[in-house]
Amino acid sequence: MSLPHLYVARTLTPSVMGELTDLGLPLIVGEEAPPARERLLADVAGASAAIVTLTERVDAEFLDAAGPALKVVANVAVGYDNIDLAAAAARGVVVCNTPGVLDEATADHTFAMLLAITRRVVEADRFARTGRPWIWGPNMLVGLDISAGATLGIVGFGRIGRAVARRAQAFGMRVTTSDPGLRIGASVNGVEVIEADTLLETSEVVSLHVPLLPSTRHLIDAAALSRMKPGSYLVNAARGGVVDETALIDALRSGHLAGAALDTFEGEPAINPELTTLENIVLQPHIASAGDRTRDNMCRLAVRNVTRVLAGEPAETPVPLP
Ligand code: GLV
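Since the structure is predicted, the reported quantities are computational estimates derived from the model, not experimental observations.

Asker: Where do I start with the pattern of salt bridges in this structure?
Answerer: Opposite charge on two side chains allows them to pair when their charged atoms are near. Counted under the stated rule, the structure contains 21 salt bridges. We note a salt bridge from Asp-59 to Arg-57, for which the minimum N-O separation is 2.4 Å. Classification of Asp-59 by relative accessible area gives buried; the value is 15%. Measuring nitrogen to oxygen at the nearest pair gives 2.4 Å for the salt bridge that ties Lys-229 to Glu-204. Of this pair, Lys-229 sits in the loop between helix 9 (222-227) and strand 11 (232-236) while Glu-204 sits in the loop between helix 8 (196-202) and strand 10 (205-208); the two residues are 25 residues apart in sequence, bridging distant segments of the chain.

Okay, here's the thing in structure tokens:
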């Protein structure tokens, strides 16, 4: 295509798809499924802007395939570990993400996972579907009473961590957090800031809300898991790479952890088959932000970022480049 176009790697939500044509830009739009790498590189060639999702790797190869017309890459996700920021900075390409618009939906789903694993909702559903004879009993499918003062330790107290804290407080949980940006001993909205190790040692439930960075890869490894309270639970709606899945499987098999709920996986979209054999785990296919309005808002924010940069204005939600 001769005129610089807007490349959209995946089908966006229906209402935002309808608005794309109003932009007055030549468009190349991918499909519902992620494009094969060769297709992606061919379709982005010559683009002035690209809207991608966390399934597209935006690296030097991608940026070079796009060429010098490319001004902006807008990720439809708050996380941007799929994007090589140094490579974008070196080429003068603005990178944007979608912070803010997905906090409540992600916190809702995190809390749904927390309740599902502690109160054995998915396990009970599986059981009910077997058709096996059952009758109510005092010891049947008993889980953790989170409202009886159980402690939730939130690792990473950004917008999503704070939204999860509000929900936990409303449920009567004691909430603590560890976050390198906060002073140990401070209290933020009734949430005590403590050392990461203390958080692991004192929480009935640990919920992860940190971005995936070199410093957070395998933050929850065998050593961290062994610090967690026997019989406690892990919830991860951040990125799969934050948890060492092999170590997690060991901790779940040994019974050291009572359970885990995961929305994201190390080898996503592949899910380690060993995880699927465990009873004490809830598995979700990376849907924590999948609220109907939220997904519209994420797509719309990505489009706004593109139109602003192409109009020579600052992006609304740029990612700081190195
Ligand atoms: C989803 O995982 C996101 O980063 O928005």
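Asker: It is not clear to me how the layout of surface pockets should be interpreted in this structure. Could you clarify?
Answerer: The gaps of empty space that remain are located by a probe, the size of a water molecule, rolled over the atoms. Empty space within the second largest pocket amounts to approximately 290 Å³. Elements supplying a minimum of two residues to the lining of the second largest pocket: helix 8 and helix 9. Taken together, the residues of the lining of the second largest pocket break down into 9 nonpolar, 4 polar and 3 charged.

Asker: In this structure, what is going on with the nonpolar core? I would like to understand it.
Answerer: Taken as a class, soluble globular proteins show a tendency for nonpolar side chains to be buried jointly. Core analysis: the biggest nonpolar cluster contains 49 residues, and Leu-12, Ile-51, Leu-152, Met-173 and Val-205 have the highest contact counts within it. Leaving out residues up to four positions away in the same chain, Met-173 has contacts with Phe-111, Ile-146, Ala-150, Thr-151, Leu-152, Ala-168 and Val-205. Grouped together as the second largest cluster of nonpolar side chains are 28 residues, Leu-212, Leu-225, Val-242 and Leu-248 included.

Asker: Sorry if this is basic, but what is going on with the sheet that holds strand 10 here?
Answerer: Strands sit in the order 8-9-7-6-10-11-12-13 across an open sheet of 8 strands; the sheet is mixed. Each edge of the open sheet is held by one strand with a lone partner, namely strand 8 (187-188) and strand 13 (281-283). Here strand 6 (residues 151-155) runs beside strand 7 (residues 174-178); their pairing, made up of 5 bridges, is parallel. Directly across from Gly-153, in strand 7, lies its bridge partner Thr-176. Contacts from helix 10 (residues 245-253) reach strand 11, strand 12 (257-262) and strand 13 within the one sheet, and its direction differs from that of strand 12 by about 140 degrees.

Each value, and the rule that gives it
- Residues numbered from 1 in each chain as written.
- Predicted model: local features only at pLDDT ≥ 70, side-chain atom pairs only at ≥ 80, totals over all residues.
- Heavy atoms only, no water.
- Salt bridge = Lys/Arg side-chain N within 4 Å of Asp/Glu carboxyl O.
- Buried < 20%, exposed > 50% of the residue type's maximum accessible area, 1.4 Å probe, protein only.
- Helix = DSSP H or I, 4+ residues; strand = E, 2+ residues; numbered from the N terminus.
- 1 Å grid on protein atoms, 1.4 Å probe; cavity = no way out; pocket = protein on both sides within 12 Å on 5 of 7 lines; lining within 4 Å.
- Points joined across faces, edges and corners; volume = space filled by probe spheres on them.
- Nonpolar A, V, L, I, M, F, W, Y, C, P; charged D, E, K, R; others polar.
- Core = buried A, V, L, I, M, F, W, Y, C linked by side-chain atoms within 4.5 Å.
- Contact = heavy atoms within 4.5 Å.
- Pairing = 2+ DSSP bridges.
- Axes fitted to C-alpha atoms, helices over the stretch in contact; angles between N-to-C directions.

Function cannot be inferred from these measures alone, as they are strictly geometric.
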